[in-house]
Amino acid sequence: MAASSFKGRFLSLFDYKTEKYIVAKNKKVGVLYRLIQLSIFGYIIGWVFLSKKGYQETDEAIQSSVITKLKGVSVTNTTESGLLVWGPEDYVIPPQGEAVLFVITNFFETPNQKVGHCPESPKVLGGHCHDDQDCKEGTMVVAGNGIMTGRCLKENDNSSGTCEIYGWCPIERKFKPQEPLLANAENFTIYIKNFIQFPKFTFSKSNVLDTTDNSYLKKCRYDEELHPYCPIFRLGDITRRAGYNFQDIATFGGSIGIMIEWDCDLDKGYANCHPQYHFTRLDISVSKKTIATGFNFRHTRYFKNAAGETYRSLFKVYGVRFNIMVHGKAGMFSIIPTAINVASGLALLGAGAFFCDMVLLYLMKKGTSYRERKFEGSSSKKSSADNSVEDRKEQENLTS
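So, here's what we can say about the structure.

1. A few points about the side chain of Thr162
Assignment of secondary structure puts Thr162 in strand 9 (residues 161-169). For Thr162, the side chain forms a polar contact with the main-chain oxygen of Glu120, separated by 3.2 Å. Excluding anything up to four places from it in sequence, Thr162 contacts Pro119, Glu120, Ser121, Pro122, Gly127, His128, Cys129, Arg151, Cys152 and Leu153.

2. Describing the side chain of Glu172
Inspection of the secondary structure puts Glu172 in the loop between strand 9 and strand 10 (189-198). A polar side-chain atom of Glu172 sits 2.8 Å from a polar atom in the side chain of Arg298. Those residues in contact with Glu172, other than ones at most four positions away along the chain, are Phe108, Thr110, Gln113, Arg298, Leu314 and Lys316.

3. Structural notes on helix 2 (residues 27-51)
Here helix 2 spans 33 Å end to end across 25 residues, near enough to the 36 Å set by a 1.5 Å rise per residue. All buried positions along helix 2 are accounted for by Val29, Ile36, Gln37, Ile40, Ile44, Val48 and Phe49. Summarising the contacts, the buried residues of helix 2 are in contact with helix 7 (335-363). Lys53 sits one or two residues past helix 2 and shows a positive phi near 50°.

4. Re the pattern of salt bridges
Counted under the stated rule, the structure contains 11 salt bridges. We note a salt bridge from Arg151 to Glu164, for which the minimum N-O separation is 3.3 Å. In this pair, Arg151 sits in strand 8 (residues 146-153) while Glu164 sits in strand 9, placing the two residues 13 residues apart along the sequence. Look at Arg151 and you get partly exposed, because its relative accessible area is 46%. The exposure class assigned to Glu164 is buried, which follows from its relative accessible area of 9%. Beyond isolated ion pairs, a larger network of salt bridges with shared partners links Glu186, Arg234, Asp237 and Arg240.

5. A short note on the packing of aromatic side chains
Enumeration over the complete set of coordinates arrives at 16 aromatic pairs. Plain terms: the ring middles of Tyr222 and Phe233 are 4.8 Å apart, the flat faces sit at 35° to each other, and that makes the pair tilted. Linking Tyr222 in the loop between helix 4 (216-219) and strand 12 (232-234) with Phe233 in strand 12, this pair joins segments that are 11 residues apart in sequence. In this structure Tyr222 comes out as buried when scored by relative accessible area, which is 11%.

6. Re the nonpolar core
Judged by nonpolar contacts, the single largest core of 44 residues is most densely connected at Tyr91, Leu235, Ile238 and Phe322. Considering every element that reaches this core, the biggest residue donor is strand 16 (residues 310-333), with 7 residues. If near-sequence neighbours (up to four positions away) are discounted, Ile238 is found in contact with Ile190, Phe233, Ile256, Ile258, Phe279 and Phe322. If you look at the next biggest cluster of nonpolar residues, it comprises 11 residues, including Cys118, Cys135, Met148 and Ile171.

7. Some thoughts on helix 7
Given a rise of 1.5 Å per residue, 29 residues ought to cover 42 Å, and the 41 Å separating the end C-alpha atoms of helix 7 matches this to within 8%. Residues of helix 7 that are buried: Pro337, Thr338, Gly345, Leu349, Gly352, Cys356, Val359, Leu360 and Leu361.

8. Comments concerning the state of the cysteines
With the rule as written, the count across this model stands at 5 disulfides. Between the sulfur atoms of Cys129 and its disulfide mate Cys152 the distance is 2.0 Å. Torsion about the S-S bond of the Cys129 and Cys152 cystine: about 90°, corresponding to right-handed handedness. Note that Cys129 is positioned in strand 7 (residues 128-129) and Cys152 in strand 8, a separation of 23 residues in sequence.

9. What about the environment of Gln113?
Checked against the element boundaries, Gln113 lands in strand 6 (residues 100-119). Remark: the alpha-carbon pair of Gln113 and Thr300, spanning 187 residues in sequence, is separated by 10.0 Å. What Gln113 contacts, discounting residues up to four positions off in sequence, is Trp168, Cys169, Pro170, Ile171, Glu172, Thr310, Tyr311, Arg312 and Leu314. Separated by 2.7 Å, the side chains of Gln113 and Arg312 make a polar contact.

Rules of the game
Residues numbered from 1 in each chain as written. Predicted model: local features only at pLDDT ≥ 70, side-chain atom pairs only at ≥ 80, totals over all residues. Heavy atoms only, no water. Helix = DSSP H or I, 4+ residues; strand = E, 2+ residues; numbered from the N terminus. Polar contact = N/O pair within 3.5 Å; in protein donor to acceptor, adjacent residues only side chain to side chain. Contact = heavy atoms within 4.5 Å. Expected span 1.5 Å × (residues − 1). Buried < 20%, exposed > 50% of the residue type's maximum accessible area, 1.4 Å probe, protein only. Salt bridge = Lys/Arg side-chain N within 4 Å of Asp/Glu carboxyl O. Phe/Tyr/Trp six-rings, centres within 6.5 Å; stacked < 30°, edge-to-face > 60°. Core = buried A, V, L, I, M, F, W, Y, C linked by side-chain atoms within 4.5 Å. Disulfide = S-S within 2.5 Å.

This is the structure in structure tokens:
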């Protein structure tokens, strides 16, 4: 007897069990179920597959190289510097052609500085004094231009003065720019050559038009519609696309972001992978006013006179800093993400059926009746005759 029971349990492991379905003639729940199904199908087809391309494997590890080159000439004539001709080797910092570069549009020169003794600038708070005790010899002036010599230089005994320093003299004078000296800098052009690669798909491309016309780059200018593969941009057009006038930025300087976006659907082929350019100003806040707008820094040029004495010219330069940033992703059909998203959709359909079951069984007025038909209880004490009667009643109810 025990052996027979064990054999029955062992053989039951190979039984196939299927669910029992009951057709509920309830229009409200039926409409709700169809709406849930349509919503899930719309989400899967419209959002997952069409909008987000859920059937593709993607690669966002873009590898990029950016090379830049500027062209243009300007002439300035100032009291300190005289007549100067500015070429790319003069106004581009650094000159090597990197993804971040600075173009000088305005400057102020302090010429012929020599190491010696002179009064500290009144603009330096740490250099103010009332007597010699305020200028401790050998102390560096905080945010200043040299080392204190121990003397306080004043116009008269009743006024305050500034400490004498040992440094590059004369110190830089106060300067507030009124207009850009390199006024035609907006007509300078920048050549941005960008090579990208998606290693997962061994795909590479450039933002330069594939052509055998050697004169193409000499005469083209970037245009979204006419010349999307021309990598030459006029500086004035870049700031205009960022929403600003170049002359306004050129006076005090600024920072412009040039974003190159590559969104490539490789299922459509090589020709459908295009660069998209976006331009924005980075040195100001749209929502808040700030005193830190603009961009400037100082650099020097050293030389020696006939006697071998070292001099330098100090330049405070204003200009536009360009930051070239490259982002992108590529996608290609793959069976794995397709199967995963299809399986997720089927799971959502099952969740919809479960929700409708909860509504039908627990929120409807006839929920008790539906539960009795959906869930069966068994009792070993019932006779086979009773079971057959109940089976006949249930069959009549389902077909009625």
